[in-house]
Amino acid sequence: MPSRADRPPRGLRPIRRNLLLGAPALGLGALALGSCAQAGATTDVENILSVSLNQTEDHPSFLALSYFGEQLAEATDGRWGARVYANESLGAQQEVVQLVSDGSVDMAVISSTQVENLSMRFLPLGLPGAFADIEHQMAVLQDESIVGDLFSSLEPEQRLRVLGGFTQGSRHVYTDRGPIEGPEDLSGLRVRVQESDVFMELTRALGASPTPMAYGEVYTALQAGVLNGAENNEVSYVTQRHYEIAPHFTLTNHLVGLDYVMANVDRIESMDEGDQLAFSETFGAAQEEFVRLWVEETEASTQHMIDAGVEIHEPDAEAFAPLVEEVGRSFLTSPEDEALYEAVQAVAENMGNER
Ligand code: GCU
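Draft legend 1. Highlighting the overall build of the protein chain. The helix and strand inventory of the protein chain stands at 16 helices and nine strands. Of all 355 residues assigned to the protein chain, the portion counted as buried reaches 56%. The long-range share in the protein chain, meaning contacts at least 24 apart out of those at least 6 apart in sequence, stands at 77%. In the structure as shown, the protein chain presents an accessible area of about 14600 Å², 48% of it carried by carbon and sulfur atoms.

Structure below.
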């Protein structure tokens, strides 16, 4: 794992590498084998799992997955490790999920939006209003009775296993102009969204014109004026350096987002039983480490925004919330979806009662 001193200082745009797009033809598996001493890699292990990520090397996902690789190597006496490929270097999430499915890449962090595009069964967990906060989200992810079948539902056909998730925290809108006090201030502004029907609808409800685009393209599109803004959490806003060009951050709180960590099931099952157990225990520990890093980095990012002169706007609580709730409800169209959504809400109610 790189020390903080090795990482690029904030304020410099990370260099994006797309050298491995079209990875299947390049034989990524072979490329990931052997020992390597680069950032995010476990050194001197027999089998290295390739892990695709669209975040920078100072993002909590990169740090937690690098930690996962180190712990895995230790727990399996060097039989298995992991190498994290940052900055979309293996491709954007939409392509990468296919690469994990066909076994060219072993693992990836994939936003819930892209998983919904594979299977609508995941939709209720990606709706505005599904999660009250990170604690609620983590409790749902630990609840086998809610997510057990869902997380293995892609195994038979897609060979994809959902190992668990990392929070995206609360997402907010940011723009090249401001202040944004209500939907009327977003009217006519082109706001980037993930490639997802829910986000298209949600952004329209917030008052803006949604523009779907891969994460790694957003900085350049903002810079070129193709976009007036985007929406994300504080950590992505800072690590992607979007604040340099869109310095108005409006606390719309429209959704607590979720990233799934997915793996190719054949690759996992190629491990012996003991190593598979070590794999899942180590992943559990990395998930906990992620939450710790997330809380720390959200605070640090907010401070970074303040120091960089970002204008943080706090609109009236009623300006956006009812619009967002309505979008959430409009996507619950089947009894199965409603049942899953309600099971998720029940976890929050129980947690509320226990507090
Ligand atoms: C967050 C999330 C990513 C996602 C991104 C996006 O940063 O963690 O997985 O790709 O938002 O808006 O595309």
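Right, picking up where we left off after that structure.
Draft legend 2. Representation of the layout of surface pockets in the model. Roughly 330 Å³ of volume is contained in the largest pocket. Taken together, 19 residues line the largest pocket, and the ones lying closest to its centre are Thr-252, Asn-253, His-254, Ala-317 and Ala-321. The dominant element in the lining of the largest pocket, judged by the number of residues it contributes, is strand β8 (residues 248–264), at six residues. As a volume, the second largest pocket reaches approximately 270 Å³. At the level of elements, α7 (144–152) and β4 (160–175) are the ones that each hand at least two residues to the lining of the second largest pocket. For the lining of the second largest pocket, the element with the highest residue contribution is α7, accounting for five residues. Classifying every residue of the lining of the second largest pocket gives five nonpolar, five polar and three charged.

Draft legend 3. Highlighting the packing of aromatic side chains. Taken as a whole, this structure holds twelve aromatic pairs when the rule is applied. Here Phe-122 and Tyr-260 contribute two aromatic rings whose centre-to-centre distance is 5.4 Å and whose plane-to-plane angle is 75 degrees, an arrangement assigned as edge-to-face. Taken as a pair, Phe-122 in the loop between α5 (112–118) and α6 (134–141) and Tyr-260 in strand β8 lie far apart in primary sequence, 138 residues in all. By relative accessible area, which is 0% here, Tyr-260 ends up buried. Seen in terms of ring centroids, Phe-166 and Phe-290 are 4.2 Å apart; in terms of plane orientation they differ by 0 degrees. Their pairing is stacked. Of the two residues, Phe-166 is situated in strand β4 and Phe-290 in helix α14 (residues 273–307); the sequence distance between them amounts to 124 residues.

Draft legend 4. Quick look at the side chain of Thr-250. Residue position: Thr-250 is located in strand β8. Classification of Thr-250 by relative accessible area gives buried; the value is 1%. If near-sequence neighbours (up to four positions away) are discounted, Thr-250 is found in contact with His-172, Val-173, Ile-180, His-313 and Pro-315.

Draft legend 5. Spotlight on the site of the ligand. Asn-54, Gln-55, Gln-93, Ser-111, Gln-168, Arg-171, Arg-192, Gln-194, Tyr-215, Asn-232, Ser-236 and Asp-259 make up every residue found near the ligand. Here Asn-54 contributes a side-chain N or O atom positioned 2.9 Å from an oxygen atom of the ligand. Here Gln-55 contributes a side-chain N or O atom positioned 3.0 Å from an oxygen atom of the ligand. Expressed as a share of its isolated accessible area of 310 Å², the protein-covered part of the ligand is 98%. More than half of the atoms belonging to the ligand lie within 2 Å of the grid points that define the largest cavity. Within the shell around the ligand, the residues separate by chemical class into one nonpolar, eight polar and three charged.

Cut-offs and rules
Residues numbered from 1 in each chain as written. Predicted model: local features only at pLDDT ≥ 70, side-chain atom pairs only at ≥ 80, totals over all residues. Heavy atoms only, no water. Helix = DSSP H or I, 4+ residues; strand = E, 2+ residues; numbered from the N terminus. Buried < 20%, exposed > 50% of the residue type's maximum accessible area, 1.4 Å probe, protein only. Contact = heavy atoms within 4.5 Å. Areas by Shrake-Rupley, 256 points an atom, 1.4 Å probe, with all protein chains shown as cover. 1 Å grid on protein atoms, 1.4 Å probe; cavity = no way out; pocket = protein on both sides within 12 Å on 5 of 7 lines; lining within 4 Å. Points joined across faces, edges and corners; volume = space filled by probe spheres on them. Nonpolar A, V, L, I, M, F, W, Y, C, P; charged D, E, K, R; others polar. Phe/Tyr/Trp six-rings, centres within 6.5 Å; stacked < 30°, edge-to-face > 60°. Near = heavy atom within 4 Å. Polar contact = N/O pair within 3.5 Å; in protein donor to acceptor, adjacent residues only side chain to side chain. Sits in = over half its atoms within 2 Å of the grid points.

Take it as geometry only, folks, not as evidence of what the structure does.
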